[in-house]
Amino acid sequence: MTETLARLAVPSAVLGEGPCWDGATGALYWVDIPAGRVHRLDGDGAHRSWEAGQTVGAVVLRASGGLVLAAADGFLALDPGTGAVSPLVALGLAAGVRMNDGACDQAGRFYAGTMAEDEAPGRGALYRLDPDHSVSTVIPGATVSNGIGWSPDGGRMYYIDSPTRRVDVMDYDPATGAVAARRPFAVIDAGDAVPDGLAVDAEGGVWVALWDGGAVLRFGPDGRLRQALELPTPRVTSCAFGGPDMETLYITTAAGPGNSGGELFCAPAGVPGLPGHPYQG
Ligand code: CA
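Keep in mind the model is a prediction, meaning the values are calculated, not measured.

### Structural notes on the overall build of the chain
In step 1: Assigned secondary structure in the chain consists of zero helices and 24 strands.
In step 2: Expressed along its principal axes, the backbone C-alpha trace of the chain runs to roughly 45 × 45 × 35 Å.
In step 3: Evaluated residue by residue, the chain yields a buried proportion of 57% over its 281 residues.
In step 4: Relative to all contacts within the chain whose residues are 6 or more apart in sequence, the contacts with residues 24 or more apart total 43%.
In step 5: Of the side-chain charges in the chain, 18 are positive and 32 negative, and the distance between the mean point of each set is 3 Å.

What follows is the structure, given as structure tokens:
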């Protein structure tokens, strides 16, 4: 598959993350975390970006219009039409802790996690922002809260706390958002690589970006490794499905040693991905 990997003509990021497909407009959003910037690539190749005014870990669509960001210390609304950024819900995080990866479930609850900038163990958490703007802690004591996704039937939630070098799975109740029985789904045993972001396809395959692993791995619903997509740069941060048939995998990367990295790539996945969900609040 490597020969079909393409680099997209957009500015390189310092720490590209959080790809998010907008099927209604055929556009891809992603973020550059330390730059505090939200990027969009339209189907015609046009690129735009917006300044969040603080670090931004993830971007999702908002059902009522615009975008919601998991930013430095809470949730922000961004209007791409005007560039206006406004507070949505503050989290009151401790100094040195910032928001990181996030995604919405099928009911439009926005899950986003945190991490200490110095990656001090246990200072992060996974939070859930409900459509009524209430926030609850789903997983306390995380270190680098990262990839989040759901099985096609919505009954399982996948979760990555990167230093564990595992992808975990939990039972998930789509009606209530309740999680239970967190357990290992897949273990990453590949040198210095740690799992970062993830995406789930329509067959239940789980695609996992490997930071310092230079690849995206696809695990079957049984947790067995099925496929590896190699990237020409080591710090692969996240991936998301998009394109007219949802069979394109978009992959974000971060700058690393040797002045490489930070590019946005795409590749045919050979299987359609599950669409993302907008925040319903
Ligand atoms: Ca990440």
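### Thoughts on the sheet that holds strand β19 (residues 206–211)
In step 1: Judged by pairing direction, the sheet is antiparallel, and its four strands sit side by side in the order β18-β19-β20-β21 without closing on themselves. Sheet topology places β18 (194–200) and β21 (225–230) at the edges, where each strand pairs with a single neighbour. Across this sheet, the average inter-strand angle for adjacent strands is 25°, counted without regard to direction.
In step 2: When β18 meets β19, the two strands line up antiparallel, connected through five bridges.

### Structural notes on the pattern of salt bridges
Where charged atoms of side chains with opposite charge meet at close range, the side chains can pair.
In step 1: Applying the stated criterion across every chain, the model contains 12 salt bridges.
In step 2: Between Asp105 and Arg109 there is a salt bridge; the shortest N-O distance is 2.5 Å. Here Asp105 matches Arg109 in class, with each residue buried.
In step 3: Close ionic contact of Arg226 with Asp222 constitutes a salt bridge, the shortest N to O distance being 2.7 Å.

### Regarding the nonpolar core
In step 1: Core analysis: the biggest nonpolar cluster contains 26 residues, and Trp207, Val216, Leu231, Leu249 and Ile251 have the highest contact counts within it.
In step 2: Put simply, the parts of the chain that give this core at least two residues each are β3 (27–32), β19, β22 (236–242), β23 (248–253) and β24 (264–268).
In step 3: When sequence neighbours within four positions are dropped, the list of residues in contact with Leu249 reads Trp207, Val216, Leu229, Cys239, Ala240, Phe241, Phe265, Cys266, Ala267 and Ala269.
In step 4: Counting residues in hydrophobic clusters, the runner-up holds 20 residues, among them Leu91, Leu93, Ala125 and Tyr127.

### Regarding the coordination of the calcium ion
In step 1: For the calcium ion, every protein donor is listed as Glu17 (OE), Asn146 (OD1) and Asp196 (OD), and the spread of their distances is 2.2 Å.
In step 2: For the calcium ion, all donor residues lie on one chain, and their spacing in sequence is E-x128-N-x49-D. Linking Glu17 in strand β2 (residues 16–22) with Asp196 in strand β18, this pair joins segments that are 179 residues apart in sequence.
In step 3: By relative accessible area, which is 3% here, Glu17 ends up buried.
In step 4: The class of Asp196 is buried, set by a relative accessible area of 5%.

### Details of the sheet that holds β2
In step 1: The sheet built from four strands is open, its strands ordered β2-β3-β4-β5 with antiparallel pairing. The open sheet has two edge strands, β2 and β5 (47–51), and neither has a second partner. The mean inter-strand angle of the sheet, taken between neighbouring strand axes irrespective of direction, is 20°.
In step 2: Pairing geometry for β2 and β3, over five bridges, is antiparallel. What sits directly across from Asp22, in β3, is Ala27.

### Re the pairing of strand β11 (residues 110–116)
In step 1: The buried fraction of β11 is high, at seven of seven residues.
In step 2: With six bridges joining them, strand β10 (residues 97–104) and β11 adopt antiparallel strand pairing. Considered in β11, the bridge of Gly102 is made with Ala112.
In step 3: Counting the residues in the hairpin turn of β10 and β11 gives five residues, including Gly108, whose phi is positive at 85°.
In step 4: Strand direction decides the pairing type here: β11 and strand β12 (residues 124–129), joined by four bridges, are antiparallel. Within β12, the residue paired with Phe110 across the bridge is Leu129.

### Quick notes on the pairing of β18
In step 1: Counted residue by residue, β18 has seven buried out of seven residues, so it is predominantly covered.
In step 2: In this structure, the hairpin formed by β18 and β19 is closed by a connection of five residues, where Gly204 is found at a positive phi of approximately 85°.

### Some remarks on unusual backbone geometry
In step 1: Backbone geometry places Glu119, a non-glycine residue, at a positive phi of 60°.
In step 2: Its place among the elements puts Glu119 in the loop between β11 and β12.
In step 3: In this structure Glu119 comes out as partly exposed when scored by relative accessible area, which is 46%.
In step 4: Even without glycine at this site, Ala181 takes up a positive phi of about 60°.
In step 5: You can see Ala181 is positioned in strand β17 (residues 178–187).

Cut-offs used in this document
Residues numbered from 1 in each chain as written. Predicted model: local features only at pLDDT ≥ 70, side-chain atom pairs only at ≥ 80, totals over all residues. Heavy atoms only, no water. Helix = DSSP H or I, 4+ residues; strand = E, 2+ residues; numbered from the N terminus. Buried < 20%, exposed > 50% of the residue type's maximum accessible area, 1.4 Å probe, protein only. Contact = heavy atoms within 4.5 Å. Lys, Arg positive; Asp, Glu negative; His and termini not counted. Charge placed at Lys NZ, Arg CZ, Asp CG, Glu CD. Pairing = 2+ DSSP bridges. Axes fitted to C-alpha atoms, helices over the stretch in contact; angles between N-to-C directions. Salt bridge = Lys/Arg side-chain N within 4 Å of Asp/Glu carboxyl O. Core = buried A, V, L, I, M, F, W, Y, C linked by side-chain atoms within 4.5 Å. Donors = N, O, S within 2.8 Å, 3.2 Å for Na, K, Ca; no water.

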